[in-house]
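Take a look at the letters that make up each chain.
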Amino acid sequence: MIRIQSKNPLFRATLVSALSELEATDTELPEEETAVLLVCDTQEEVDELLRSPLSCAIVLLGTHHAEADLEIPLPCALNELKERLRVLIAQRQNAPTFENKTFLFEGAKRLLTHKKTKHAVPLTEKETELISYLVKALPNPVSKTDLLSEVWKYNPDVESHTVETHIYGLRQKIGEENADNFIVNTADGYILSEK
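Let me sum up the structure you'll find in this document. It should be emphasised that the depicted structure is a prediction, and the values quoted were computed from it without experimental measurement.

Calculation criteria
- Residues numbered from 1 in each chain as written.
- Predicted model: local features only at pLDDT ≥ 70, side-chain atom pairs only at ≥ 80, totals over all residues.
- Heavy atoms only, no water.
- Helix = DSSP H or I, 4+ residues; strand = E, 2+ residues; numbered from the N terminus.
- Rg over C-alpha atoms; globule rule 2.2 N^0.38 Å.
- Contact = heavy atoms within 4.5 Å.
- Areas by Shrake-Rupley, 256 points an atom, 1.4 Å probe, with all protein chains shown as cover.
- Lys, Arg positive; Asp, Glu negative; His and termini not counted.
- Charge placed at Lys NZ, Arg CZ, Asp CG, Glu CD.
- Phe/Tyr/Trp six-rings, centres within 6.5 Å; stacked < 30°, edge-to-face > 60°.
- Buried < 20%, exposed > 50% of the residue type's maximum accessible area, 1.4 Å probe, protein only.
- Polar contact = N/O pair within 3.5 Å; in protein donor to acceptor, adjacent residues only side chain to side chain.
- Disulfide = S-S within 2.5 Å.
- Pairing = 2+ DSSP bridges.
- Right-handed = clockwise from strand over helix to strand, strands pointing away.

### Some thoughts on the overall build of the protein chain
Along the protein chain, the regular secondary structure elements total seven helices and eleven strands. Computed over the C-alpha atoms, the radius of gyration of the protein chain is 18 Å, within 12% of the 16 Å expected from 2.2 N^0.38 for a compact globule of 195 residues. The dimensions of the protein chain, computed from C-alpha atoms along their principal axes, are 55 × 40 × 30 Å. For the protein chain, long-range pairs separated by at least 24 residues make up 43% of all intrachain contacts whose partners lie at least 6 apart in sequence. If you sum the accessible surface of the protein chain, you get close to 10700 Å²; carbon and sulfur atoms cover 52% of it. Averaged over its 21 positive side-chain charges, the protein chain has a centre that lies 4 Å from the centre of its 32 negative ones.

The following block contains the structure:
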């Protein structure tokens, strides 16, 4: 279900009508029912909204934020908007989950939760894609080259520290004391821990 947020009631109503086949609404929904939050507000309102972690996908119309799942510049064709929303919803429905003794990863919610403390860590889009790719590769480790190619779409010949930087950032988010209980760097590449 898509929830549309906009201060402009006419624009909001028009989008609800145009996206009705995708089950769009402008009313508050329980968090588990909101697959996508389509935000059509000012940059300041978007920044304020995204200060708190949200488990739904965030689509921004005409604004920018690093935590958004999708940004669509205005003006845009309605058919393009519908198609991009369909693709995003399909990706989220196919998002994997992973659980070991310490963590629960929920790709659709972009959350990594420490099972004992119940501390939930919101993930960026790239962190979610990285973990999702490692989940799909289990029980095999994934090389840095494969991650660069598949997650970041880099040419295999490109020299980059992107993978290390993202994994370092993720380790900082979950705490160094827990890091080895989630992503492990082996001689063959990166793998999710069974601990």
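### Quick notes on the packing of aromatic side chains
With the rule as written, the count across this model stands at two aromatic pairs. One aromatic cluster is present, formed by Phe98, Phe103 and Phe182 through successive ring pairs.

### With respect to the side chain of Arg110
Of note, Arg110 is situated in the loop between strand 7 (103-106) and strand 8 (111-114). By relative accessible area, which is 7% here, Arg110 ends up buried. One polar contact links Arg110 to Asp69, side chain to side chain, over a distance of 2.3 Å. Among residues more than four places away in sequence, those in contact with Arg110 are Glu67, Ala68, Asp69, Arg92, Val121, Pro122, Leu123, Thr124, Glu125 and Thr128.

### Observations concerning the environment of Glu159
Checked against the element boundaries, Glu159 lands in the loop between helix 5 (144-150) and helix 6 (162-174). A C-alpha to C-alpha distance of 13 Å links Glu159 and Ser143, two positions 16 residues apart in sequence.

### Let's talk about the environment of Ala57
Within the secondary structure, Ala57 sits in strand 4 (residues 57-61). Residue classification places Ala57 among the buried residues on the basis of a relative accessible area of 0%. Residues within four places of Ala57 in sequence aside, it is in contact with Ala35, Val36, Leu37, Asp69, Leu88 and Arg92.

### Points about the environment of Ala24
Position of Ala24 among the secondary structure elements: in strand 2 (residues 24-25). Its relative accessible area of 13% is what places Ala24 among the buried residues. Counting along the chain gives 36 residues from Ala24 to Leu60, while the straight-line C-alpha distance between them is 15 Å. Apart from residues no more than four positions distant in its own chain, Ala24 is found in contact with Ile2, Ile4, Val16 and Leu19.

### Observations concerning the state of the cysteines
As used here, a disulfide is simply a covalent bond connecting the sulfur atoms of two cysteines. All told, the structure shown has zero disulfides when counted by the stated rule. With no disulfide partner, Cys40 has as its closest neighbouring cysteine sulfur the one in Cys76, 9.3 Å distant.

### Remarks on the pairing of strand 3 (residues 36-39)
Burial along strand 3 is two-sided: the residues Val36 and Leu38 and Leu37 and Val39 are all buried. Across four bridges, the pairing between strand 1 (residues 2-5) and strand 3 is parallel. The partner of Ile2 across the bridge, within strand 3, is Val36. Bridge count between strand 3 and strand 4: four bridges; the pairing is parallel. Following the sheet pairing, Val39 is matched in strand 4 by Leu60. As for the winding sense of the linkage, the β-α-β connection from strand 3 through helix 2 (residues 43-49) to strand 4 is right-handed.

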